[in-house]
Each structure stands twice: as structure tokens, then as C-alpha cells.
Amino acid sequence: MKELIEKLRTFTVPELCDGCAEPDVMDYRIKPAFGTPHICGRAVTLDIPEGIAGMVPDAIMELKEGDILVIAGKGWQKSAYWGDHRSVCAKMLGAEGVIIDGLYRDKEGCEAAGLPVFALGLCARSSLQKQEGQINVPVECAGAAVNPGDIICADQNGVIVIHPEDAEEIMAKAQAKRDLQEELEQWMRETGNVVPRIRKPSSVK
């Protein structure tokens, strides 16, 4: 799995989308909270009710090196599911990042912790700490279906969910599209011709 994840990391999320017949992507509003991180890792999932974050610490303790915590927070935007202390803890466990269908807080502290956070936005208020929710179950997060163990790839363009068994085929198609685009752009530079549609230079008339 680690080798597969490292190979996926060499592609952008748009390139991986190009390799999918029907890419399973999250809502466009899920973006990096700071910086321009590019993360890729195995999903640990958390399904929680709107505005309830008491199970988040338990989910953090399930994380192993390279994992990405996926918090299916139902798009709740009145309080935050995540903060600086949780970032510190997840970072210490070697997590790759966290994806939140909801909000986070403590922007300065989260950034200082160094854990990539992808979320809908920022909110100062904390969510209720009731012990409600389920860890490592199939979830819908920001419109995408995520199973425990799926591979999450995220960058400033968005977030895609990839089933491990599909990864090699997706990468092969993504690489083919990348190679074709590079070939065409090289030909355009050499000839001065502009071809907006990506295709083989030999097919250009």
C-alpha cells in the first residue's frame, strides 16, 4: 500500500480525475486551510452527527503513520470539529492530514502544528463534545463515498477518493494523458501552431 500511495502522490488531483471514468471527488469547497499541501494516504473514517465532535479524539487514536482522517461532518457550519491540539496529536502520530466536511478553528496553532487541514472553512466556536458517532465505517464526506482503507489524494485543486484496486489503472490512464499533453505542447513550441484540444500532433491538420 505504501508504494502505491507514493506512486499516486506523483500525480495532481486533476490528473487522477482524468484517469477515472467517473471520478469520486469531494465538494469543491473542501480546500487546504493554509499553504498548498499535496497529501495522499489511507483513509480512517469518522461519521458524526451535525455539530457533535466528541468522537474526534477517539478517531485520532486510530491513526497510523501516513493515514488521513476523513471527518464526515455533514457540512455543519455553525461550529468547528477540529482545532490546534487535535492537529498536534495527529501530527505526533504521523498522520498525513485531515479532511473535514465542516469547519476547523485555531488557524495559527493548526498551521504551526504542520498537519495539512482540508475543510470548508474557519470558525471560532467549538462543537459539542458528546460521544456520538462511528469510527472506520463507510461514510459520505462532502458528496464522496469513502470506505475505510480507501486512498485519499488532495491538493489545492480538490480531493479525490480512490479504491486501491483501481489505482494502477487510474495512474496508467493519467500518465497517458500527461504524456500526450507534453508531446503536444513540445510540438506547439517547435512549430508555433496552437492546438487547444489535446491530441496527437500527427492528427493535426
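In what follows, the structure referred to is the one given above.
The following paragraphs examine the structure supplied in this document.

Basis of the calculations
- Residues numbered from 1 in each chain as written.
- Predicted model: local features only at pLDDT ≥ 70, side-chain atom pairs only at ≥ 80, totals over all residues.
- Heavy atoms only, no water.
- Buried < 20%, exposed > 50% of the residue type's maximum accessible area, 1.4 Å probe, protein only.
- Helix = DSSP H or I, 4+ residues; strand = E, 2+ residues; numbered from the N terminus.
- Pairing = 2+ DSSP bridges.
- Contact = heavy atoms within 4.5 Å.
- Core = buried A, V, L, I, M, F, W, Y, C linked by side-chain atoms within 4.5 Å.
- Salt bridge = Lys/Arg side-chain N within 4 Å of Asp/Glu carboxyl O.
- Disulfide = S-S within 2.5 Å.
- Expected span 1.5 Å × (residues − 1).

Right, let's get into the pairing of strand β6 (residues 97-100). Because side chains alternate across β6, one face comprises the buried residues Gly-97 and Ile-99, and the other comprises Val-98 and Ile-100, equally buried. Looking at chain direction, strand β4 (residues 67-72) and β6 are connected through four bridges and run parallel. Paired with Leu-69 across the strands is Val-98, a residue of β6. With two bridges joining them, β6 and strand β8 (residues 117-119) adopt parallel strand pairing. Bridged to Val-98 within β8 is Val-117.

Next up on the list: the environment of Gly-41. Note on placement: Gly-41 falls in strand β3 (residues 39-47). For Gly-41, a relative accessible area of 0% puts it in the buried group. Expressed as a C-alpha distance, the spacing of Gly-41 and Glu-182, which sit 141 residues apart in the sequence, is 27 Å. With residues up to four places along the chain from it excluded, the contact list for Gly-41 reads Ile-5, Gly-66, Ile-68, Asp-150, Ile-151 and Ile-152.

Bringing the nonpolar core into the picture now. Leu-69, Ile-71, Trp-82, Ile-100, Tyr-104 and Val-117 are the most contacted members of the largest nonpolar core, which totals 24 residues. Elements supplying a minimum of two residues to this core: β3, α3 (56-60), β4, β5 (80-82), β6 and β8. Counting 22 residues, the second largest nonpolar core, distinct from the first, contains Leu-103, Leu-120, Cys-123 and Val-146.

Turning next to unusual backbone geometry. Located in the positive-phi region is Lys-74, a residue other than glycine, with phi close to 65°. Residue Lys-74 is classed as partly exposed on the basis of its relative accessible area, which comes to 40%. Phi at Ala-142 takes a positive value of approximately 55°, unusual for a residue other than glycine. Mapping Ala-142 onto the fold places it in the loop between β11 (139-141) and β12 (144-146). You can call Ala-142 buried: its relative accessible area is 10%.

The subject of this paragraph is the pattern of salt bridges. In this structure the tally under the stated criterion is eleven salt bridges. In this structure, Arg-9 and Glu-96 form a salt bridge, with 2.6 Å as the shortest nitrogen-oxygen distance. Placement of Arg-9 in the loop between α1 (2-8) and α2 (13-18) and of Glu-96 in the loop between α4 (84-92) and β6 is noted, with a sequence separation of 87 residues between them. A salt bridge links Asp-47 to Lys-74; its shortest N-O distance comes to 2.7 Å. In this pair, Asp-47 is assigned in strand β3 and Lys-74 in the loop between β4 and β5, connecting sequence segments 27 residues apart. A relative accessible area of 23% places Asp-47 in the partly exposed class.

Considering all chains together, one arrives at zero disulfides under this definition. Between Cys-20, a free cysteine, and Cys-17, which holds the nearest cysteine sulfur, the sulfur-to-sulfur gap is 6.2 Å.

Attention shifts here to helix α6 (residues 167-191). Compared with an ideal rise of 1.5 Å per residue, which puts 25 residues at 36 Å, α6 spans 36 Å between its outermost C-alpha atoms and is within 8% of the ideal. Within the sequence span of α6, burial applies to Ala-167, Ile-170, Met-171, Ala-174, Arg-178 and Leu-184. For α6, the elements touching its buried residues are α1, α2 and β14 (158-162). Trailing α6 by a residue or two, Gly-192 shows a phi angle of about 80°, which is positive.

Honestly, that's just the spatial picture; any functional story needs more than this.
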